[in-house]
Amino acid sequence: MQYGGFIIVRQRLIVKTKSMELKTDRLYIRPVSVNDKEAIFEYRSDSETNKYQGWIPQNIEDTEIFIAKTSKELNVPGTWFQLVITEPESGLLIGDIGIHFKDTGNLEVEIGCTLKKGCQGKGYATEALKKVIDFLFMDLKKHRIVTSIDPDNTSSIKLVERLGFRKEAHFVESLLINGRWVDDIVYAILEKEWGNNKTTENM
Ligand SMILES: CC(C)(COP(=O)(O)OP(=O)(O)OC[C@H]1O[C@@H](n2cnc3c(N)ncnc32)[C@H](O)[C@@H]1OP(=O)(O)O)[C@@H](O)C(=O)NCCC(=O)NCCS
């Protein structure tokens, strides 16, 4: 039994590190695939829900290009890696998480999260991000995670503050999004600050 358990743990570690497939109590998180294009287009094209986002697809082809441009390999400096959040029972895709592996010694990442409108307000983003952040700090040994938010995006601000991120900066009209200059707030968290938020089942 003990031997069998060891093998299972080893297999889980190998699978996680190569493909970044993560499970939480209610969610299954995995890398995006081209087969997800319709599901992603459905909620990402909702311009009202995504009004603070820089990318709003106009059609399925835009979504296909977006998926094709994301890195196929995890942890490559200078690339974005895209995960999707699914409900394991229904198999429904309910959102996504982007991870930008920055060039800064490959010790810093930027993250962003989007949920389908009908799946917001249930704690899914918090649950998924906790697991992803655990993975970034514990498995990939990152030092710092940052995120960039429009000051009017209150749901997003509440989300990162709930996760323990600190507000580090407020840049004024620093981003041109959808033809409009907008302010940008930067939140960050260090590995040593993550501490009590760690989800033990990921260890
Ligand atoms: C940012 C975004 C992902 C946040 O989603 P969210 O649903 O507010 O966050 P969570 O899924 O963690 O849900 C938290 C809410 O669910 C509530 N909740 C309900 N049931 C819950 C449960 N079982 N467990 C935890 N929280 C629960 C919480 O109280 C909280 O509500 P509150 O914000 O009113 O306090 C979402 O607003 C979004 O996709 N916005 C559009 C895209 C965007 O702008 N992204 C940011 C750019 S990077």
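Residues numbered from 1 in each chain as written. Predicted model: local features only at pLDDT ≥ 70, side-chain atom pairs only at ≥ 80, totals over all residues.

Caption draft 1: Structural view of the overall build of the chain. In terms of helices and strands, the chain carries six helices and eight strands. Shown N-terminal to C-terminal, the secondary structure of the chain runs as helices and strands in the order α-β-β-α-α-β-β-β-α-β-α-β-β-α. For the chain, the residues scored as buried account for 23% of the 203 residues in total. Put simply, 57% of the contacts in the chain that link residues at least 6 apart link residues at least 24 apart. (Helix = DSSP H or I, 4+ residues; strand = E, 2+ residues; numbered from the N terminus. Buried ≥ 20, exposed ≤ 12 C-beta atoms within 10 Å, placed from the backbone. Contact = placed C-beta atoms within 7 Å.)

Caption draft 2: Fine view of the pairing of strand β3 (residues 79-86). When strand β2 (residues 28-31) meets β3, the two strands line up antiparallel, connected through four bridges. When the sheet's bridge partners are listed, Pro-31 is paired in β3 with Leu-83. As defined by bridge partners, β3 adjoins strand β4 (residues 93-101) across eight bridges and the pair is classed as antiparallel. From the neighbouring strand, Thr-79 faces β4, where its bridge partner is Phe-101. (Pairing = 2+ DSSP bridges.)

Caption draft 3: Region of interest: the nonpolar core. Ile-97, Ala-128 and Val-132 are the most contacted members of the largest nonpolar core, which totals 35 residues. Only β3, β4, β5 (108-115), α4 (124-139), β6 (144-149), α5 (154-162) and β8 (180-190) provide two or more residues apiece to this core. For this core, the leading source of residues is α4, giving nine residues. Apart from residues lying up to four places away in sequence, Ile-97 is in contact with Leu-83, Ile-85, Ile-111, Cys-113, Ala-128, Leu-129 and Val-132. (Core = buried A, V, L, I, M, F, W, Y, C linked by C-beta atoms within 7 Å.)

Caption draft 4: Here's a closer look at α5. Within α5, the full set of buried residues consists of Ser-156, Leu-159 and Val-160. Each buried residue of α5 lies within a common arc of 90° when the element is viewed along its axis, so the set occupies one face. In α5, the exposed residues that point more than 90 degrees away from the buried face are Thr-154, Lys-158 and Glu-161. On its buried face, α5 sits against α4, β6 and β8. Just past α5, the residue Gly-164 takes up positive phi, approximately 95°. (Arc of directions from axis to C-beta.)

Caption draft 5: Representation of the sheet that holds β8. Read across the sheet, eight strands follow the order β1-β2-β3-β4-β5-β6-β8-β7 without closing on themselves; strand pairing throughout is mixed. Strands at the two margins of the open sheet, each flanked by one partner only, are β1 (22-23) and β7 (166-177). Across eight bridges, β7 lies against β8 in antiparallel orientation. The partner of Leu-176 across the bridge, within β8, is Trp-181.

Caption draft 6: Spotlight on the site of the ligand. Lining the immediate surroundings of the ligand are 20 residues, of which Gly-112, Gln-120, Gly-123, Thr-126 and Ser-155 lie closest. Residue classes in the shell around the ligand are distributed as six nonpolar, 12 polar and two charged. (Near = placed C-beta within 6 Å. Nonpolar A, V, L, I, M, F, W, Y, C, P; charged D, E, K, R; others polar.)

Caption draft 7: The arrangement of the packing of helix α2 (residues 37-44) against helix α3 (residues 60-69) in detail. Put simply, α2 and α3 touch, their axes get as near as 9 Å, and they point 115° apart. Here α2 lies roughly perpendicular to α3, going by the angle between them. Note on packing geometry: the crossing formed by α2 with α3 is right-handed. Facing Lys-37, Glu-38, Ile-40, Phe-41 and Arg-44 of α2, the residues of α3 in contact are Ile-60, Thr-63, Glu-64 and Ile-67. For the contact of α2 with α3, the per-class residue count stands at four nonpolar, one polar and four charged. (Axes fitted to C-alpha atoms, helices over the stretch in contact; angles between N-to-C directions. Parallel < 35°, antiparallel > 145°, perpendicular 65-115°, else oblique. Left-handed = near helix turned anticlockwise from the far one by under 90°.)

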